[in-house]
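Results of the structural survey
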Amino acid sequence: MRIPTSILVLLAFAAQVAGAQEALRSSLSDALHYQSPSGFIRADLSGLVDLEAYFIDRRPPGLIFGNADLFNPRLSLFLDTHLGEQFYSLVQFRADRGGDPRSKPDGDVRVDEYLLRWTPWTDGRVNVQAGKFATVFGKWVQRHDSWQNPFITAPLAYENVNTITDQSAPGSPAAFLARRSVADQKAKWLPVVWGPAYTSGASVFGQVEQWDYAVEFKNAAISSRPTVWDAQNLGWDHPTVSTRLGLTPGAAWNFGVSASRGAYLLPAAEASLPVGRGLGSYAQTTLGTDVLWSHHAWQVWGEALVARLQVPRVGNADTFTYFVETKYKLTPNLFAAVRWNQQLCGTVPDGAGGTQHWDRNLSRVDTALGYRFTRHWQGKLQYSYTHENAPFQQSEQLLAAQFTVKF
Amino acid sequence: MQASIIALVLALATGSVAAQVAASVEGTVALPKPAAPARLNARYAAQAGAWLPPEPPTAVVFLEGAPLPPDDRPATNVVQMVQKGMQFGPGLLAVRKGTRVEFPNADDFYHNVFSYSKAKRFDLGRFLKDEKAPAITFDQPGVVKLYCEIHEHMRGTVVVLETPYFVKTDTNGVYRLTGLPAGLFKLKAWIDEKNSFEQPVDLKPGTTARVNFPGSP
């Protein structure tokens, strides 16, 4: 594997800028807030600048679009506003080459999240929020930004596209199974959970002693693609309800169970459905469990998900996917991370009296090294190796570098 | 035996004389208004845990250039900076080079302490209330800025000094520094990176000088 020039350039750039003007950046970080004289309004503007480079040996894995190496810059701005003790709002603005790398190769500017939250009691037992925001399903969302994520890519469950599409119904089981032998169609196919799933709707969540809970009512399934996350693009005719219940028996542990159910087919698929069936007849049902443990220099996360997607003219396409991820701080600045991911697919009738696995089983190991130059500069390198249990390999090796400025 | 008694008497006499001729300095440091308390931006979870307001600003006043006392020894003491209510307490700590600082966690959830300062670079990882408090020996003079990676708003500072002549003001900026040698030295007041002052001070044996920062009395 050759080392791509873009990665070397990125590393050289990181080394040059990391040591310079830290005080200025700290001042900038401290200055980007406003507080009214009475203290009732407080607004903080913060952000992340990411410079990413991906070297891909075959076809891009996961939710990396296109067919070649790529450079992916991204600006994320977060406006956090507090109104008194009870109201909070968040707006996340992004400028990049698509929410998923190169999904909009010519560039894109959008508001990824906006929400208004009401917290009637200061102990946080109940919060009510509405808007467009990350799903409550699972635990990965809480570390999905580039500063918190030890890796550059998401876990398999949140980015590996399967042969199920939301845009049309397959004509027959054979047509559905034939998708296994072609490269990922990322503009059509769906993962189990599409990244942070910034869908639109409302949620209620809170924490009571050792327990935390969340329930959301959203306009689209957790597998849905970003183009339908906005309420103006897809309404609540076929909503998805997701929930998570968490237990923190001690500071070191957090356990959670999640569930989600809702229609995943888009209106474009309606014309291709069997007679007498509607979009609401085909649901995605997902159950998940997550665990978090941390102590001293160690952090470990694990999630396991079981998903059932009802496929027209085929039946239930079941899949099991999980990952175990660990991060260890080698020095105050340097950390290493390893993640093992796997996805196994169930069988469906093949239309000829037998059954077959509906998609390719897949295993992937992600490794990463990260270095925090300062509180505002971070660099990461990731190497991933994927193996699909089939003659066809979507992707095998991925090398990625990411440099992040946080302010 | 006789020699020991003579040495003891001489030592006591010297100490007594030193105490009699020691100089003092007192005054006030103009402190900035308390910064607006930050808010936790809990974007993806409910806020957990009670939150105390940050400590009001204080300053460290220290004498620079003064000779060390004849009986000076390296610092071996242990002091604490507690993490409670998602704040460092005290938020500003002045210690002499060689002092060991413990960081007990008084909250029911994880805290972390790390610093990327040149004077001391460390990361204590995540530790609990019931654990033995992790500790760091500050063996280089300088300003060490402390943070918690879990609670980004938390700020702490350890000012590590070569000199044994230092004191922290109260929250009104009032200080009194005693037991100082006589002579002409620099008196410095450090509040934060953006606010520090220095003035010459002429210390006379047995008297108390008055120095206010900024400006003269």
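Everything quoted here is computed from the prediction, not taken from an experiment.

1. Some details on the overall build of chain A
The secondary structure content of chain A amounts to 3 helices and 21 strands. Projected onto its principal axes, the C-alpha positions of chain A cover 70 × 55 × 45 Å. A separation of at least 24 residues holds for 62% of the contacts in chain A among residues at least 6 apart in sequence. Counting only carbon and sulfur atoms, one obtains 63% of the accessible surface of chain A, whose full area is about 16,300 Å².

2. Notes on the sheet that holds strand 14 (residues 174–180) of chain B
Residues and elements named next belong to chain B. If you walk across this open sheet you meet the 3 strands as 14-1-17, and the pairing is mixed. Bordering the open sheet on either side are strand 14 and strand 17 (208–210), each of which pairs with just one other strand. Averaged over all neighbouring strand pairs, the angle between strand axes comes to 20°, with direction disregarded.

3. What about the nonpolar core?
When a protein is soluble and globular, its nonpolar side chains tend to lie buried together. A:Ile164, A:Phe176, A:Tyr264 and A:Trp358 are the most contacted members of the largest nonpolar core, which has 43 residues in total. Those elements giving two or more residues to this core turn out to be helix 3 (173–178), strand 8 (189–190), strand 14 (298–311) and strand 15 (315–329) of chain A. In contact with A:Ile164, other than residues within four places in its own chain, are A:Phe176, A:Arg179, A:Lys188, A:Trp189, A:Leu190, A:Tyr264, A:Leu309, A:Val311, A:Ala317 and A:Trp358. In terms of nonpolar packing, the next biggest core, distinct from the first, is built from 22 residues, B:Phe138, B:Val144, B:Met154 and B:Val158 among them.

4. Overview of the domain arrangement of chain B
Residue and element names in this part refer to chain B. By the assigned domains, chain B splits into domain 1 (19–30 + 50–68 + 165–217) and domain 2 (73–163). Computed from C-alpha coordinates alone, the two centres of domain 1 and domain 2 are separated by 23 Å. Opposite the 17 residues of domain 1 that make contact, domain 2 presents 17 residues. Summed over both sides, the interface of domain 1 with domain 2 buries roughly 1,500 Å², with 65% coming from carbon and sulfur.

Rules and cut-offs
- Counting starts from 1 at the beginning of each chain's written sequence and moves along it residue by residue.
- Chains and ligands are labelled by the order in which they are written, letters from A for the one and numbers from 1 for the other.
- The predicted nature of this model means local features are confined to residues of pLDDT at least 70 and side-chain atom pairs, given and counted, to a pLDDT of 80 or more, with totals for whole chains, interfaces and linings taken over all residues.
- The basis for the side-chain values is all heavy atoms of the structure; hydrogens and waters are excluded.
- Helical segments are the DSSP runs of H or I of at least four residues, strand segments are the runs of E of at least two, and each set is numbered from the N terminus.
- Only heavy atoms matter for contacts: two residues are in contact if any of them lie within 4.5 Å across the pair.
- Methods summary: accessible areas were calculated by the Shrake-Rupley approach with a probe of 1.4 Å, and residue burial reflects only the protein chains presented.
- Paired strands are those between which DSSP finds at least two bridges.
- Only the stretch in contact is used when fitting a helix axis, every axis being a line fitted to C-alpha atoms; angles between N-to-C directions are given from 0 to 180 degrees.
- In this description, a nonpolar core means a group of buried Ala, Val, Leu, Ile, Met, Phe, Trp, Tyr and Cys residues linked to one another through side-chain atoms lying within 4.5 Å.
- Working definition: with a 1.4 Å probe on protein chains only, accessible area under 20% of the residue-type maximum means buried, over 50% means exposed, and in between means partly exposed.
- As used throughout, domain bounds are those supplied by an automatic or database domain assignment.
- When two parts are put together, the accessible area they lose, computed with a 1.4 Å probe and summed over both, is reported as buried area.

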